[in-house]
Amino acid sequence: MTGVGGTEPGSQGEGDILIVESEDAVTRLTLNRPERRNAFTIELYRALTRALEDANNDHMISAVVLTGSGSVFCAGTDLDDLCEATEAAIVEGGGFGWLKPPPRHVLENYWNGVLLIPDRRLVVGRLDGTIAGSAQLSKAPRNNEAQSFAGTITAAFVAPWARGHGLARSMILEVERLAREEFNLVVLNLDLRATQRAAISLYEGLNYRRWGTHPVYARVNGEIVPGHYYYKRLDEQA
Ligand SMILES: CC(C)(COP(=O)(O)OP(=O)(O)OC[C@H]1O[C@@H](n2cnc3c(N)ncnc32)[C@H](O)[C@@H]1OP(=O)(O)O)[C@@H](O)C(=O)NCCC(=O)NCCS
């Protein structure tokens, strides 16, 4: 998970977000994101899992103390913020496919699943430290060598309360950076409903070219809505 608009959770070293100290037969694990009230990120979750496995495998260790830096032990997970932002966007009408919010466990499973897909990157946008939106970058499946240079942007959204602060623009620019530098892509594709005016201005403002319109793209409240298809070459000067 990559973040824009605030502290990047993945940019901290594992040793920073989880402090591991062993003395005598005791390992002390300190969740160390006091500025986020030690809320769990996927990186913190992985670091904690590894540290617990290490302690379990170390026959000298007989006890583990789990604590948190600052005044709060743990405020839950960034996943809660992501789910709340998603629900708000769905209720407002721009919830990347969902027309009404699914039960919370379905959303949590969805986001956990996204984080596990190897050829996908999740970029989150934070407003005042709280996750308020996200965008996903996917590579073509590995068997599709002919299109290995192309990626797709999907599910870009910002919660209604966080719009107009430049978060979507920053997230899409971060997606483009990952596409170029991590996946070596030269083209990004996306499609959206013709009614998503803010998104159309966002992408056209970032030089995405519309190459077609599908007249029967989506059905919203019983009405058929057309959709626009865009691409952007990353190897061209802006
Ligand atoms: C599209 C969306 C992601 C924009 O989020 P945002 O954080 O408010 O966007 P930003 O503040 O980064 O604005 C970037 C650009 O988007 C466009 N934009 C954003 N809100 C707009 C609005 N209400 N009307 C027109 N253009 C708008 C503008 O071009 C803006 O550039 P500017 O500030 O220089 O004018 C958000 O409105 C949203 O989540 N909509 C519903 C979901 C959706 O349509 N997703 C896209 C499907 S892939």
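Only a predicted model underlies this, so the values are computations on that prediction, with no experimental measurement involved.

Novice: I keep staring at the overall build of the protein chain and nothing clicks. Help me out?
Specialist: The secondary structure content of the protein chain amounts to six helices and ten strands. With the C-alpha coordinates of the protein chain rotated into their principal frame, the extents come out at 70 × 40 × 30 Å. Here the protein chain holds 238 residues, and the buried ones make up 28% of them. Look at the contacts in the protein chain between residues 6 or more apart in sequence, and 63% of them connect residues 24 or more apart.

Novice: Is there a simple way to think about the environment of L137 in this case?
Specialist: As for its position among the elements, L137 is in strand β6 (residues 130-139). In this view, L137 contacts R120, R121, G151, I153, V175, L178 and A179; residues no more than four positions away in its chain are not counted.

Novice: What exactly am I supposed to notice about the site of the ligand here?
Specialist: Within the structure, the ligand sits among 22 residues, and G94, R163, A168, A198 and L202 are positioned closest to it. Going through the elements one at a time, β7 (150-158), α5 (167-181), β8 (187-193) and α6 (197-205) are the ones with two or more residues in the shell around the ligand. Here the shell around the ligand gets six residues from one element, more than from any other, and that element is α6.

Novice: Just checking my understanding: could you explain unusual backbone geometry for this structure?
Specialist: Residues apart from glycine generally show negative phi values, whereas peptide bonds are mostly found in trans. Backbone geometry places N207, a non-glycine residue, at a positive phi of 70°. Structurally, N207 is set in the loop between α6 and β9 (209-220). Positive phi, normally seen in glycine, also occurs at N221, with a value near 50°. One can find N221 in the loop between β9 and β10 (223-233). The class for N221 is exposed, based on 7 C-beta atoms found within 10 Å.

Parameters and conventions
Residues numbered from 1 in each chain as written. Predicted model: local features only at pLDDT ≥ 70, side-chain atom pairs only at ≥ 80, totals over all residues. Helix = DSSP H or I, 4+ residues; strand = E, 2+ residues; numbered from the N terminus. Buried ≥ 20, exposed ≤ 12 C-beta atoms within 10 Å, placed from the backbone. Contact = placed C-beta atoms within 7 Å. Near = placed C-beta within 6 Å.

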